[in-house]
Amino acid sequence: MPRPRLRLPAWADRLGAWGAFLCALHCALVPVALALVPALGLGLVAWHGLEWAFTSLATVLAVLSLWMGYRGHRAYHAWLLVAPGLALVWTALLYSPLHTSGLPHAAAMAVGGVLIGIAHIVNLRLSYGHSH
């Protein structure tokens, strides 16, 4: 008797896509926010924790969701999008010269977030879409 396979529900990819797109929007708006933060008298300590949290959550959710999807549909298309997306966001977070430069950092995080979001949508379609 075959073992039942674990399968994430469709909302996991939807959550991942929305989260990645919100992360991309957040990262695209960071340069604007950085200009406003001194005027509002706010510190920058919270930004680093938020970046780490977004990046870590995006990584865990993307890898888990895409792996479980791949086990069912055996198509690697979503991995071709999520790999460079995760590489971009982790490089922008960990590579100090990129992390400390405003606009290139925001661009790398935004593009990486969009790639991760699109990968979730591709995985969702491969897992639950119609086949013709």
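Residues numbered from 1 in each chain as written. Predicted model: local features only at pLDDT ≥ 70, side-chain atom pairs only at ≥ 80, totals over all residues. Heavy atoms only, no water.

1. Comments concerning the overall build of the protein
Rule in force here: The helix count covers DSSP runs of H or I at least four residues long, the strand count covers runs of E at least two residues long, and both are numbered beginning at the N terminus. Exposure classes here rest on a 1.4 Å probe applied to the protein chains alone. A residue is buried below 20% of its type maximum, exposed above 50%, and partly exposed in between. Pairs of residues are marked as contacts when any of their non-hydrogen atoms sit within 4.5 Å.
For the protein, the count of helices and strands is five helices and zero strands. Ordered by position from the N terminus, the helices and strands of the protein form the series α-α-α-α-α. Relative to its 132 residues, the protein shows a buried fraction of 35%. Looking at the protein alone, contacts between residues at least 24 apart form 76% of all its contacts between residues at least 6 apart.

2. Observations concerning the nonpolar core
One recurring pattern in soluble globular proteins: nonpolar side chains tend to sit buried together. We count it as follows: The set of buried Ala, Val, Leu, Ile, Met, Phe, Trp, Tyr and Cys residues whose side-chain atoms join them within 4.5 Å is what this entry labels a nonpolar core.
Within the largest apolar cluster, 13 residues are counted, with the highest numbers of intra-cluster contacts made by Leu66, Val82, Leu86, Val89, Ala92, Ile116 and Ala119. Those elements giving two or more residues to this core turn out to be α2 (45–73), α3 (77–94) and α5 (102–128). Filtering out sequence-adjacent residues up to four positions away, Val82 remains in contact with Ala62, Leu66, Ile116 and Ala119.

3. Points about α3
Formally: Expected span of a helix: the number of residues minus one, times 1.5 Å. Note: the arc covers the axis-to-C-beta directions of the helix.
Between its first and last C-alpha atoms α3 spans 26 Å; for 18 residues at 1.5 Å apiece the expected length is 26 Å, and the two agree. Every buried residue of α3 is listed here: Ala78, Val82, Gly85, Leu86, Val89, Ala92 and Leu93. Projected onto a plane normal to the axis of α3, the buried residues spread over an arc of 130 degrees and lie on a single side. Among the exposed residues of α3, those pointing more than 90 degrees away from its buried face are Leu80 and Leu94.

4. Remarks on unusual backbone geometry
The phi dihedral of Arg74 is positive, around 55 degrees, even though this residue is not glycine. Along the polypeptide, Arg74 turns up in the loop between α2 and α3.

5. Focus on the confidence of the model for the protein
In low-pLDDT segments, the atomic positions of the prediction should not be examined closely. Note the following rule: The pLDDT value tells you how sure the predictor is about a given residue, anywhere from 0 up to 100.
Summary statistics for the protein give a mean pLDDT of 79 and a share of 77% for residues scoring 70 or more. Here helix α1 (residues 10–40) is the element of the protein with the lowest mean pLDDT, 71, and α3 is the one with the highest, 94.

6. Observations concerning the environment of Leu64
For Leu64, the position within the fold is in helix α2. Taking relative accessible area as the criterion, Leu64 reaches 40% and is therefore assigned partly exposed.

7. Observations regarding a nonpolar patch on the surface
Short version of the rule: Patches draw on residues past 30% relative accessible area with no salt bridge. Two like charges within 9 Å are joined, as are two nonpolar side chains (Val, Leu, Ile, Met, Phe, Trp, Tyr) within 5 Å. Values of accessible area rely on a 1.4 Å probe in the Shrake-Rupley scheme; residue burial ignores everything except the protein chains shown. A side-chain nitrogen of Lys or Arg and a carboxyl oxygen of Asp or Glu constitute a salt bridge if their distance falls within 4 Å.
A cluster of nonpolar side chains, contributed by Trp18, Leu22, Leu25 and Leu29, occupies part of the molecular surface with about 460 Å² of accessible area. Within the element layout of this structure, Leu25 appears in helix α1. We classify Leu25 as partly exposed; its relative accessible area is 48%.

8. With respect to the packing of α3 against α5
When two helices pack together, you describe them by how their axes are tilted relative to each other and by the distance separating the axes. Basically, it comes down to this: As a rule, the C-alpha atoms of each element are fitted with a line to give its axis, helices using only the stretch in contact, and angles between N-to-C directions run from 0 to 180 degrees. Here the word oblique covers every angle except those under 35 degrees (roughly parallel), over 145 (roughly antiparallel) and from 65 to 115 (roughly perpendicular). For any helix crossing, the convention is left-handed if the near helix is rotated counterclockwise from the far helix by under a right angle, and right-handed if that rotation is clockwise.
Between α3 and α5, the shortest axis-to-axis distance is 7 Å and the interhelical angle comes to 155 degrees. The orientation of α3 relative to α5 falls into the category roughly antiparallel. By crossing handedness, the relation of α3 to α5 is classed as left-handed.

9. Here's the deal with the environment of Val82
Secondary-structure assignment places Val82 in helix α3. The spatial distance from the C-alpha of Val82 to the C-alpha of Ile116 is 4.9 Å, given a sequence separation of 34 residues.

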